[in-house]
Amino acid sequence: MIRLLPWTGAGGKPCYVLGDGNGYVSRMADDIESIQLGMAGDLLGHAAGLLADRKVTGAEVRFLASRLAESLREVKRVAESRGARLGAAELDPDRNRP
């Protein structure tokens, strides 16, 4: 199975790993995806608080928007990777994974 990794290579090109999903790189990718998703949740909480503040500056909102866009790219990559693996699992009835 080919897996899209949660990081990019030189020039922002996608990185992949080929394997059964149990190797070192796959476990590291699982850990990084978990961190990325957790950070996205934290950022959403921060965004809600910042946007509720009537004294927020334009620079703060732009910085927030930049971080939200970065986080959205990461979450999108996680979703694409997991969606592709779900599709591969559906095609392979011998896999015992959800």
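Residues numbered from 1 in each chain as written. Predicted model: local features only at pLDDT ≥ 70, side-chain atom pairs only at ≥ 80, totals over all residues. Heavy atoms only, no water.

A. Fine view of the overall build of the protein. Tallying secondary structure elements over the protein gives two helices and two strands in all. Walking the protein from its N terminus toward its C terminus, one meets helices and strands in the order β-β-α-α. Going through the 98 residues of the protein one by one, you find that 22% of them count as buried. The long-range fraction of contacts in the protein, counting pairs at least 24 apart against all pairs at least 6 apart in sequence, stands at 53%. Summed over its atoms, the accessible surface of the protein is roughly 6,900 Å², and 60% of this surface lies on carbon and sulfur atoms. (Helix = DSSP H or I, 4+ residues; strand = E, 2+ residues; numbered from the N terminus. Buried < 20%, exposed > 50% of the residue type's maximum accessible area, 1.4 Å probe, protein only. Contact = heavy atoms within 4.5 Å. Areas by Shrake-Rupley, 256 points an atom, 1.4 Å probe, with all protein chains shown as cover.)

B. Summary view of the packing of aromatic side chains. Applying the stated criterion to the full structure yields zero aromatic pairs. If you follow Arg-67 out to its NZ or CZ, it ends over the ring of Phe-63, 4.9 Å from the centre. (Phe/Tyr/Trp six-rings, centres within 6.5 Å; stacked < 30°, edge-to-face > 60°. Lys NZ or Arg CZ within 6 Å of the ring centre and 35° of its normal.)

C. Quick look at the pattern of salt bridges. Taken as a whole and judged by the stated rule, the model has six salt bridges. Here Arg-3 makes a salt bridge to Glu-33, at a shortest N to O gap of 3.2 Å. One end of the pair, Arg-3, is in strand β1 (residues 2-8); the other, Glu-33, is in helix α1 (residues 24-52), and 30 residues separate them in sequence. Take Arg-3 and Glu-33: they sit in the same class, and that class is buried. Residue Glu-70 is joined to Arg-67 by a salt bridge in which the shortest nitrogen-to-oxygen separation is 3.0 Å. Of this pair, Glu-70 and Arg-67 both sit in helix α2 (residues 58-91), three residues apart, which is roughly one turn of that helix. Taken together, the shared-partner salt bridges connect Arg-3, Asp-30, Glu-33, Arg-82 and Arg-85 into one network. (Salt bridge = Lys/Arg side-chain N within 4 Å of Asp/Glu carboxyl O.)

D. Structural detail: the pairing of strand β2 (residues 14-18). Where burial is concerned, the two faces of β2 differ: the one with Cys-15 and Val-17 is buried and the one with Pro-14, Tyr-16 and Leu-18 is not. In this structure, β1 lies alongside β2, joined through four bridges in antiparallel fashion. Residue pairing for β2: Thr-8 is matched across the bridge by Pro-14. Here β1 folds back onto β2, and the loop between the two strands holds five residues, one of which, Gly-11, carries a positive phi near 70 degrees. (Pairing = 2+ DSSP bridges.)

E. The side chain of Gln-36, seen in detail. Secondary-structure assignment places Gln-36 in helix α1. By relative accessible area, Gln-36 is classed as buried at 8%. Sequence-distant contacts of Gln-36, that is, excluding residues within four places in its chain, are made with Pro-6, Glu-74 and Val-78.

F. A look at α1. In a regular helix each residue adds 1.5 Å, so 29 residues correspond to 42 Å; α1 covers 42 Å between its end C-alpha atoms and thus fits that length. All of the buried residues in α1 are Ser-26, Ala-29, Glu-33, Gln-36, Ala-40, Leu-43, Ala-47 and Leu-50. (Expected span 1.5 Å × (residues − 1).)

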